[in-house]
Amino acid sequence: MSAVVPPPTTPKNGLGTAGFVLGLLALLFSFIPIIGLVAWPLSILGLVFGVIGIIRARNGLANNQGMAITGTVLAAIGLLVCFAWVGLFGSAANEVARQSESAGVSAQQDAVPAADDSGAEVIELGFGQTHTWRGGESVQVAEPEEHQGNPYLHDSGTRAVAVDLTITNGTSGEINPLSWDITATHAGRPAQYSLEDRPFVNAEIPPGETLTITRIFDVAPEQGDLRISVAPSHFAADTAYFHGEF
C-alpha cells in the first residue's frame, strides 16, 4: 500500500509583494514636496511587510525573498528621504525665524524715520538750531552737556546728559511746555529720563516770552547719535529732531 503524498503547499507571497509595492510607492512619493507626506505611512508599512516577507521566505512559507528584500530597501530609502525633508524644512524654518528676529532688532534700533507713525513731517536739525511751528511756537535745543549729578540716581553703566531747550511763544495765547512731547534716543535706543530730571510744572509762557528748561536723560557710556525729538503736542503737524554725537 503506497503512502499518500500531500499536495505541495502554495507559497504565500502576499506580504513580500505588498512590501515591494509599498516600498516602491514610498520612494516615488518621498521626492515630491508636500505630497510626499503620504510617503511616511507607506515607508513604514513597506518596511513592516517587507521584513515579514523576508522572514516567511526564509522559513519556506514564501518564495519571493528577492522581491521582499527589494521592497524593504526601497521603503528604507523612502523613509530616509522623508527624514531629509524634515531636516531641510526645520533648517529653513530656523533661518526664517533668525532673519525675522534680526530684522525686528534692526528695525527697533534704526534711527528716527523720515516720518513719524501719525504721518507728520519730521524735521532734522543740529543742536543749536531753531525750529518754528506753523502755530508760532519755536524751540532751540542747545548742545548737550555731561550732567555731573548724584551717581546713586543713575543706572550703572550709563551717563547722564543735560539738554537745555529754549521755547519761545509766538502765538497769541499762553502756552505750557508741560503739554509738549519731548523724548530722546541714543545710538538708536530710547533714552530714559534720569531720576534727577525735574519736570516743569505749569510753566505758562505768555505771548512773546521765552522760557528755557532743562531735561536730563540717561544714555549709554559709549559715543552715539543723540536725538532729541520735540513737538508742541502729540497732535503737532510736524516733529523736530535735534541730533548730534554725544
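Residues numbered from 1 in each chain as written. Predicted model: local features only at pLDDT ≥ 70, side-chain atom pairs only at ≥ 80, totals over all residues. Heavy atoms only, no water.

Regarding the overall build of the protein
Of regular secondary structure, the protein possesses three helices and 11 strands. Walking the protein from its N terminus toward its C terminus, one meets helices and strands in the order α-α-α-β-β-β-β-β-β-β-β-β-β-β. Across the protein, contacts joining residues at least 24 apart in sequence account for 69% of those joining residues at least 6 apart. (Helix = DSSP H or I, 4+ residues; strand = E, 2+ residues; numbered from the N terminus. Contact = heavy atoms within 4.5 Å.)

So, the pairing of strand 3 (residues 137–141)
Burial of strand 3 is extensive: four of the five residues sit out of reach of the surface. Bridge count between strand 3 and strand 5 (residues 159–169): five bridges; the pairing is antiparallel. The partner of S138 across the bridge, within strand 5, is T168. (Buried < 20%, exposed > 50% of the residue type's maximum accessible area, 1.4 Å probe, protein only. Pairing = 2+ DSSP bridges.)

Focus: the confidence of the model for the protein
Overall, the prediction assigns the protein a mean pLDDT of 81, with 81% of residues at 70 or greater. Low confidence marks residues 103–116, where pLDDT is under 50. Its contacts with residues over four positions away, or in another chain, come to 15 contacts. (pLDDT = per-residue confidence, 0-100.)

A few points about the side chain of N169
Along the chain, N169 turns up in strand 5. Taking the relative accessible area as the measure of exposure, N169 reaches 1% and is therefore buried.

Section: the packing of helix 1 (residues 14–30) against helix 2 (residues 39–58)
With their axes 7 Å apart at the nearest point, helix 1 and helix 2 run at an angle of 150° to one another. The orientation of helix 1 relative to helix 2 falls into the category roughly antiparallel. When the axes of helix 1 and helix 2 are compared, the crossing they make is left-handed. On helix 2, the residues touching L15, G16, A18, G19, L22, G23, L25, A26, F29 and S30 of helix 1 are A39, L42, S43, L45, G46, F49, G50, I52, G53 and R56. A class-by-class count of the residues in the contact of helix 1 with helix 2 yields 11 nonpolar, eight polar and one charged. (Axes fitted to C-alpha atoms, helices over the stretch in contact; angles between N-to-C directions. Parallel < 35°, antiparallel > 145°, perpendicular 65-115°, else oblique. Left-handed = near helix turned anticlockwise from the far one by under 90°. Nonpolar A, V, L, I, M, F, W, Y, C, P; charged D, E, K, R; others polar.)

Quick word on the environment of V139
Residue position: V139 is located in strand 3. The class for V139 is buried, based on a relative accessible area of 1%. On a C-alpha basis, the gap between V139 and A231 in space is 9.1 Å, while along the polypeptide they are 92 residues apart.

A closer look at helix 1
Over its 17 residues, helix 1 extends 24 Å from the first C-alpha to the last, a length consistent with the 24 Å expected when each residue adds 1.5 Å. All of the buried residues in helix 1 are G16, G19, L22, G23, A26, L27 and S30. Looking straight down helix 1, one finds that the buried residues subtend no more than 135° of arc, so they occupy a single side. (Expected span 1.5 Å × (residues − 1). Arc of directions from axis to C-beta.)

Some thoughts on helix 2
If you check helix 2, its first and last C-alpha atoms are 28 Å apart, about what 20 residues at 1.5 Å a residue would give, namely 28 Å. Among all positions of helix 2, only A39, L42, S43, G46, G50, G53, I54 and A57 are buried. Projected down its long axis, helix 2 shows its buried positions confined to an angular sector of 100°, all on one face. Downstream of helix 2 by a residue or two, G60 has a phi angle that is positive, lying close to 80°.

Details of the side chain of T72
By secondary structure assignment, the location of T72 is in helix 3 (residues 65–109). Classification of T72 as buried rests on a relative accessible area of 14%. In terms of polar contacts, T72 uses its side chain to reach the backbone carbonyl oxygen of G50, at 3.5 Å. Those residues within four positions of T72 in sequence are excluded, and the remaining contacts are L47, G50, V51 and I54. (Polar contact = N/O pair within 3.5 Å; in protein donor to acceptor, adjacent residues only side chain to side chain.)

Here we look at the packing of aromatic side chains
Aromatic ring pairs are described here by two measures, namely the spacing of the ring centres and the angle between the planes. One pass over the full model with this rule turns up three aromatic pairs. Their ring planes at 85° and their centres at 5.1 Å tell us that W40 and F83 sit as a pair that is edge-to-face. Remark: F83 occurs in helix 3 and W40 occurs in helix 2; sequence separation between them is 43 residues. With relative accessibility at 25%, the residue W40 sits in the partly exposed group. For F83, a relative accessible area of 49% gives the class partly exposed. Ring plane angle 80° and centroid distance 5.5 Å describe the contact between W133 and W180, whose orientation is recorded as edge-to-face. Separated by 47 residues along the polypeptide, W133 in the loop between strand 2 (130–132) and strand 3 and W180 in the loop between strand 5 and strand 6 (181–186) bring together distant segments of the chain. Its relative accessible area of 9% is what places W180 among the buried residues. (Phe/Tyr/Trp six-rings, centres within 6.5 Å; stacked < 30°, edge-to-face > 60°.)

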